Amino acid sequence: MKTLEVHCLGTAGYHPNESRHTSCYFLPKCGVLLDAGTGIFRLPELIETDHLDILLSHAHLDHVVGLTFLLDILYQRPVKEVRVWGQAEKLAAIQEHLFHESLFPVPLPVTWHSIDEKPEWDLHGTTMSWRPQEHPGGSVAYRLETPQLESSPSDSAAVLLYVTDTLGTEDPATLQWMSGADLLMHECNFDDQNQKWAEKTGHCYLKKVLDIARQTQPQRLLLTHINPIAELELNDEDELLECPIQIATDGLHVAF
Ligand SMILES: [Zn+2]
Ligand SMILES: [Zn+2]
């Protein structure tokens with residue numbers, strides 16, 4: 001067994017639809033939340049730790065609006081500490097605009113932490129690192145390596161890559177950094193027919209993601225940030241990839 005467990009709380013890009021909320025994924029064992037879209041309202045019953053660490057890929061609304069839901073979430077399931085992590089410029093924009101007193105007049109019980117000077121750091125035993133990505137305004141990809149637990153030596157450490165809101169990297173050093181993950185969570189906002197829209201809006205399309213997966217060889221590929229008005233579909237050719245591919249859905253629970 002690995003020590004990796006991910007709950008998909010919100011799997012849509014841009015806006016929710018009848019079956020998908022916007023981007024939010026949760027790792028209960030380490031108390032880590034990946035982005036804070038509208039799916040965050042599903043969090044309370046899943047919390048297992050007395051701390052939460054929220055890692056933001058960037059400050060577009062489909063990844064941060066759920067921060068304003070935290071008061072209710074923490075009322076339902078109080079924790080001792082909530083830390084929000086991201087690039088300093090993005091954190092400042094969120095505090096200045098999303099939490100402007102005209103929009104949300106209540107102080108949030110969290111602390112804000114810049115990753116700018118932290119190429120690698122420790123989050124309660126989980127080793128974190130990040131890389132910048134091409135996306136309007138910029139975004140970051142995260143790499144998480146869960147700890148080898150002494151209490152369960154039969155469980156081995158696991159590596160997860162969270163790569164969302166990106167044109168899709170072609171940089172050899174970044175591809176190397178992404179390589180060999182147990183789980184690659186990669187955005188795929190568009191199908192191949194909409195390659196032009198993907199490139200115009202700084203997102204990925206299926207062929208591009210599969211090409212990245214061929215180069216980085218994850219054990220498993222989970223497609224995220226699904227376009228809410230055009231449900232993504234896999235075809236037979238896509239099955240040619242060596243690892244299993246799955247399209248994320250709200251409520252999906254991935255465990256190793
Ligand atoms: Zn997005
Ligand atoms: Zn975005």
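Counting restarts for each chain: residues are numbered from 1 in the order of the written sequence. Chains carry letters and ligands carry numbers; both start at the beginning, A for chains and 1 for ligands, and go up in the order they are written. Confidence filtering applies because this is a predicted model: local features only for residues at pLDDT of at least 70, side-chain atom pairs given and counted only at 80 or more, and all residues used for totals across whole chains, interfaces and linings. Working from all heavy atoms in the structure, the side-chain values ignore hydrogens and water.

1. Focus: the coordination of the zinc ion (ligand 2)
Part 1: At the metal site, the zinc ion (ligand 2) is ligated by His58 (NE2), His60 (ND1), His135 (NE2) and Asp165 (OD), and these contacts range over 2.2 to 2.3 Å.
Part 2: Metal sites are built from N, O and S donor atoms within 2.8 Å, or 3.2 Å for Na, K and Ca, and they leave out water, so they may look incomplete. Only four donors with every angle between 85 and 135 degrees are called tetrahedral; only four or six donors with opposite donors over 155 degrees apart and all others between 65 and 115 are called square planar or octahedral, in that order; all others are irregular. One can describe the donor arrangement at the zinc ion (ligand 2) as irregular, given that its 4 donor atoms subtend angles of 89 to 169° at the metal.
Part 3: All donors of the zinc ion (ligand 2) belong to a single chain; written as a sequence motif, their spacing is H-x1-H-x74-H-x29-D.
Part 4: Between the zinc ion (ligand 2) and the zinc ion (ligand 1), a spacing of 3.6 Å is present, and a bridge between the two is formed by Asp165. In this pair, His60 sits in the loop between strand E4 (51-55) and helix H1 (61-64) while His135 sits in the loop between strand E8 (126-133) and strand E9 (139-145), placing the two residues 75 residues apart along the sequence.
Part 5: Exposure remark for His135: the relative accessible area of 9% places this residue in the buried category. Put simply, DSSP H or I for four residues or longer makes a helix, DSSP E for two residues or longer makes a strand, and each gets a number counted from the N terminus. Three labels apply to residues, based on accessible area from a 1.4 Å probe with only protein chains included: buried if under 20% of the type maximum, exposed if over 50%, partly exposed otherwise in between.

2. Focus on the sheet that holds strand E10 (residues 159-163)
Part 1: In this description, strands pair whenever DSSP reports at least two bridges between them. Strand order in the open sheet made by the 7 strands is E7-E8-E9-E10-E11-E12-E13, with mixed pairing throughout. Each having just a single partner strand, strand E7 (120-123) and strand E13 (245-247) make up the two edges of the open sheet. On average, each strand axis in the sheet is tilted by 20° relative to the strand beside it, whichever way the strands run.
Part 2: The pairing of E7 with E8 spans 4 bridges and is antiparallel. Between N-to-C directions, angles cover 0 to 180 degrees, with each direction set by a line fitted to C-alpha atoms, over the stretch in contact for helices.

3. Describing the environment of Cys243
Part 1: Mapping Cys243 onto the fold places it in the loop between strand E12 (221-224) and E13.
Part 2: Separated by 60 residues in the primary sequence, Cys243 and Leu183 place their C-alpha atoms 10.0 Å from one another.
Part 3: What makes two residues a contact is simply this: any of their non-hydrogen atoms within 4.5 Å. Not counting residues within four places of it along the chain, the set of residues in contact with Cys243 comprises Pro218, Gln219, Arg220 and Leu221.

4. A short note on the coordination of the zinc ion (ligand 1)
When a metal holds four donors in a tetrahedron, each ideal angle between them is 109.5 degrees; when it holds six in an octahedron, the ideal angles are 90 or 180 degrees.
Part 1: The coordination sphere of the zinc ion (ligand 1), as far as protein atoms go, consists of Asp62 (OD), His63 (NE2), Asp165 (OD) and His225 (NE2), spread over 2.1 to 2.3 Å.
Part 2: For the zinc ion (ligand 1), the 4 donor atoms are set out with angles of 92 to 165° between them, so the coordination reads as irregular.
Part 3: Binding-site remark: the zinc ion (ligand 1) is held by donors from one chain whose sequence spacing is D-H-x101-D-x59-H.

5. Here's the deal with the environment of Ala248
Part 1: Within the fold, Ala248 resides in the loop between E13 and strand E14 (253-255).
Part 2: Looking at Ala248, the relative accessible area reads 0%, which means it is buried.
Part 3: Remark: the alpha-carbon pair of Ala248 and Leu61, spanning 187 residues in sequence, is separated by 20 Å.
Part 4: When residues no more than four places from it in sequence are discounted, the contact partners of Ala248 are Cys8, Thr11, Arg20, Leu222, Leu223, Thr224 and Ile226.

6. What to know about the nonpolar core
Part 1: Buried residues of nine kinds, namely Ala, Val, Leu, Ile, Met, Phe, Trp, Tyr and Cys, make up a nonpolar core once their side-chain atoms join them within 4.5 Å. By size, the foremost hydrophobic cluster in this structure holds 28 residues, and its most contacted members are Leu34, Leu55, Tyr142 and Leu160.
Part 2: When contributions to this core are tallied by element, the ones reaching two or more residues are strand E1 (5-10), strand E2 (24-27), strand E3 (32-34), E7, E8, E9, E10 and strand E11 (183-187).
Part 3: The element contributing the most residues to this core is E9, with 3 residues.
Part 4: Ignoring any residue separated from it by four or fewer positions in sequence, one finds Leu55 in contact with Val32, Leu33, Leu34, Asp35, Trp85, Trp121, Leu123, Met128, Tyr142 and Leu144.
Part 5: Counting residues in hydrophobic clusters, the runner-up holds 27 residues, among them Leu9, Leu33, Val64 and Val82.

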